[in-house]
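# Per-entry structural report
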Amino acid sequence: MTTVAAIDCGTNTLRLLIARPVVDDAGAIVDLEAVDRATHFVRLGQGIDATGEFHPEALARAFEACEDIARRISDHGVQRARFVATSAARDARNRHEFFAGVHQRLGLDAEVVDGAEEAELSYAGATRGLPADTAEPILVVDIGGGSTEFVLAASGQILHRTSLDIGAVRLTERLLTGDPIAPGDWQAASDLVDRQLDTVGVDFATVRTWLGVAGTHTSLAAIHLELEAYDRDRVHHTVLPRAAVLALAERFAASTAQQRAQIPVLPPRRADVIAAGSLIAARVGARVGVDLQVSESDILDGIALGLLG
């Protein structure tokens, strides 16, 4: 049975999914079986918004993560693999250093996908396993470190897709550097997000299912559920009322990074950017007429499905 490895390198994390297909009696792929997962907080986008280049420390963290991923790929006998790099790698002038380091450690060429393909992969992964009667149109929102992707779809057809150059790391480094965050900076960040959302090109009022993927959304769900330890099964398809999303954003805005880091289920390396990520989610919530449903399936699942054809 084919085993594939999907690698997603974003602005904040470098993640791995090793998976095998689940097939029906006719041999058609109906699902994925996760064999191994890993998340490394490499903060590849460290300072990139200001300098336009990868910081040497960020490259060192990314390459260390690649070495771990290489071991896992070898241990599981992976036959096909794809390394997808997103926002940070699109913006860095010295990305050739990153590409060379990835190839040296993994034997793979890092593919820098544009925002449109990133959105499509996120949609393919996020909607895997949704009930057939899920209300449409579906809006999939992927809040990353450097960018946020939006995909609107119905009946399996993508109606609109776009990528905005705002994300949890980028917004933090631009406007939310205070600890705690100054109220004026929070308002400025909120205004920036709203201006960006005005350009998405989606009639948010028509959305019937709002599906959130990636670390900001899954962290919000885990905190909302008051989990002491992260539980993928409980987080998957959790529904957060829009009021709860707003309340969490306001809580993070009023707290320090140290206070956020003490939340049991929040990874310490996400504590400094969760406020910005939650702000983006809350501003989307102010426009849609439905509550947030969180999906553990995301761009990694989309990449894996593509590798399996």
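Right, let's walk through the structure included here. (Residues numbered from 1 in each chain as written. Predicted model: local features only at pLDDT ≥ 70, side-chain atom pairs only at ≥ 80, totals over all residues. Heavy atoms only, no water.)

Here we take up the overall build of the protein. Each helix and strand counted, the protein has 13 helices and 11 strands in total. Since a compact globule built from 309 residues should have a radius of gyration of about 19 Å, the 18 Å found for the protein is in line with a globular shape. Among the 309 residues that make up the protein, the fraction classed as buried is 54%. When contacts within the protein are restricted to residue pairs at least 6 apart in sequence, those whose partners lie at least 24 apart make up 70%. Roughly 12800 Å² of accessible area belongs to the protein as shown, and the carbon and sulfur atoms make up 46% of that amount. Distance between charge centres in the protein, computed from 28 positive and 43 negative side chains, equals 2 Å. (Helix = DSSP H or I, 4+ residues; strand = E, 2+ residues; numbered from the N terminus. Rg over C-alpha atoms; globule rule 2.2 N^0.38 Å. Buried < 20%, exposed > 50% of the residue type's maximum accessible area, 1.4 Å probe, protein only. Contact = heavy atoms within 4.5 Å. Areas by Shrake-Rupley, 256 points an atom, 1.4 Å probe, with all protein chains shown as cover. Lys, Arg positive; Asp, Glu negative; His and termini not counted. Charge placed at Lys NZ, Arg CZ, Asp CG, Glu CD.)

With that settled, consider the sheet that holds strand β9 (residues 209-213). Read across the sheet, six strands follow the order β8-β7-β6-β9-β11-β10 without closing on themselves; strand pairing throughout is mixed. With one partner strand each, in any of the chains shown, β8 (157-164) and β10 (239-240) form the two edges of the open sheet. Pairing of strand β6 (residues 138-143) with strand β7 (residues 148-154), which is carried by six bridges, proceeds in the antiparallel orientation. The residue of β7 that forms the bridge with Asp142 is Glu149. Helix α12 (residues 274-285) rests against β6, β7 and β9 of the sheet, and its axis sits at about 160° to β6. (Pairing = 2+ DSSP bridges. Axes fitted to C-alpha atoms, helices over the stretch in contact; angles between N-to-C directions.)

What follows deals with helix α5 (residues 115-126). Its 12 residues give α5 an end-to-end C-alpha distance of 16 Å, which sits within 8% of 16 Å, the value for a rise of 1.5 Å per residue. For α5, the set of buried residues is Gly115, Glu118, Ala119, Leu121, Ser122, Tyr123, Gly125 and Ala126. (Expected span 1.5 Å × (residues − 1).)

With that settled, consider the pairing of β8. The pairing of β7 with β8 spans seven bridges and is classified as antiparallel. Each bridged residue has a counterpart across the sheet, and for Glu149 the counterpart in β8 is Ser163. In sequence, β7 turns back onto β8 through a hairpin of two residues, with Ser155 there showing a positive phi of about 55°.

Let us look at the side chain of Glu296. With respect to the helices and strands, the residue Glu296 is situated in the loop between β11 (292-294) and α13 (299-307). Only 2.2 Å separates the side chain of Glu296 from the side chain of Tyr230, close enough to count as a polar contact. At a separation of 2.9 Å, a polar atom in the side chain of Glu296 contacts the side chain of Arg232. Apart from residues lying up to four places away in sequence, Glu296 is in contact with Thr218, Tyr230, Arg232, Val235, His236 and Asp301. (Polar contact = N/O pair within 3.5 Å; in protein donor to acceptor, adjacent residues only side chain to side chain.)

All right, on to the environment of Pro268 then. Summarising the element assignment, Pro268 is placed in the loop between α11 (257-261) and α12. For the pair Pro268 and Ile7, spaced 261 residues apart in sequence, the C-alpha separation works out to 22 Å.

Strand order in the open sheet made by the five strands is β3-β2-β1-β4-β5, with mixed pairing throughout. The strands lining the two open edges of the sheet, one partner per strand, are β3 (29-41) and β5 (110-112). Across the sheet, the mean angle from the axis of one strand to that of its neighbour is 25°, orientation sign disregarded. Sheet topology places strand β2 (residues 13-23) next to β3; 11 bridges connect them, and they run antiparallel. Across the sheet, residue Arg20 finds its bridge partner in β3, namely Glu33.

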